[in-house]
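Listed below are the residues making up each chain.
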Amino acid sequence: MRSKEKGGDFRMIIVPVKEGENIERALKKFKRKFEKTGAVRELRARKNFEKPSEIKRKAMQKAIYVQHLRLEDEQ
């Protein structure tokens, strides 16, 4: 485990493997757990700096889009 000094909480992903379990199944479990952590998404977001105003604008646009979809779904 590493410290938070570089901007993140790093923890190990533990995948219990049963006796005689297929390695492909264990890899699939590992990949699923890794995707849930959001590490790749965070790395891509950190790659290019985004101004806070841009983040807010994108969040607002997404909220409007989702609300529009829900209104269409109700009709």
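Refer to the structure printed above.
## Let's talk about the pattern of salt bridges
In step 1: Across all of its chains, the model carries 3 salt bridges by this definition.
In step 2: One salt bridge in this structure joins Arg46 and Glu42, with 2.8 Å as the shortest N-O distance. Taken together, the residues Arg46 and Glu42, both in helix H2 (residues 39-47) and 4 residues apart, mark about one turn of the helix.
In step 3: A salt bridge links Lys58 to Glu50; its shortest N-O distance comes to 2.7 Å.
In step 4: The partly exposed category is assigned to Glu50, whose relative accessible area is 28%.

## Comments concerning the packing of aromatic side chains
Working definition: an aromatic ring pair is given by the centre-to-centre distance plus the angle between the planes.
In step 1: What the rule picks out here adds up to 1 aromatic pair.
In step 2: Plain terms: the ring middles of Phe30 and Phe34 are 6.2 Å apart, the flat faces sit at 15° to each other, and that makes the pair stacked. In this pair, Phe30 and Phe34 are both assigned in helix H1 (residues 23-37), 4 residues apart and thus about one turn of the helix distant.
In step 3: Assessed through its relative accessible area of 34%, Phe34 is described here as partly exposed.

## Section: a nonpolar patch on the surface
In step 1: A cluster of nonpolar residues, Phe30, Phe34 and Val40, forms a patch on the protein surface that exposes about 230 Å² of accessible area.
In step 2: Relative to the elements of secondary structure, Val40 occurs in helix H2.
In step 3: Given a relative accessible area of 35%, Val40 falls into the partly exposed group.

## Observations concerning H1
In step 1: The end-to-end C-alpha distance of H1, which contains 15 residues, comes to 21 Å, matching closely the 21 Å that a straight helix rising 1.5 Å per residue would cover.
In step 2: A positive phi of about 80° marks Gly38, the residue just after H1.

## Considering the side chain of Glu21
In step 1: Within the fold, Glu21 resides in the segment before H1.
In step 2: Within the structure, Glu21 has its side chain in polar contact with the side chain of Lys29 (distance 3.2 Å).
In step 3: If near-sequence neighbours (up to four positions away) are discounted, Glu21 is found in contact with Pro16 and Lys29.

## A short note on a positive patch on the surface
In step 1: On the surface, a cluster of positive charge is contributed by Lys18, Arg25, Lys28, Arg32, Lys33 and Lys36.
In step 2: The topology assignment puts Lys36 in helix H1.
In step 3: Look at Lys36 and you get exposed, because its relative accessible area is 71%.

Thresholds, definitions, all that
- Residues numbered from 1 in each chain as written.
- Predicted model: local features only at pLDDT ≥ 70, side-chain atom pairs only at ≥ 80, totals over all residues.
- Heavy atoms only, no water.
- Salt bridge = Lys/Arg side-chain N within 4 Å of Asp/Glu carboxyl O.
- Helix = DSSP H or I, 4+ residues; strand = E, 2+ residues; numbered from the N terminus.
- Buried < 20%, exposed > 50% of the residue type's maximum accessible area, 1.4 Å probe, protein only.
- Phe/Tyr/Trp six-rings, centres within 6.5 Å; stacked < 30°, edge-to-face > 60°.
- Patch = residues over 30% accessible without salt bridge, like charges linked within 9 Å, V, L, I, M, F, W, Y side chains within 5 Å.
- Areas by Shrake-Rupley, 256 points an atom, 1.4 Å probe, with all protein chains shown as cover.
- Expected span 1.5 Å × (residues − 1).
- Polar contact = N/O pair within 3.5 Å; in protein donor to acceptor, adjacent residues only side chain to side chain.
- Contact = heavy atoms within 4.5 Å.
- Lys, Arg positive; Asp, Glu negative; His and termini not counted.
- Charge placed at Lys NZ, Arg CZ, Asp CG, Glu CD.

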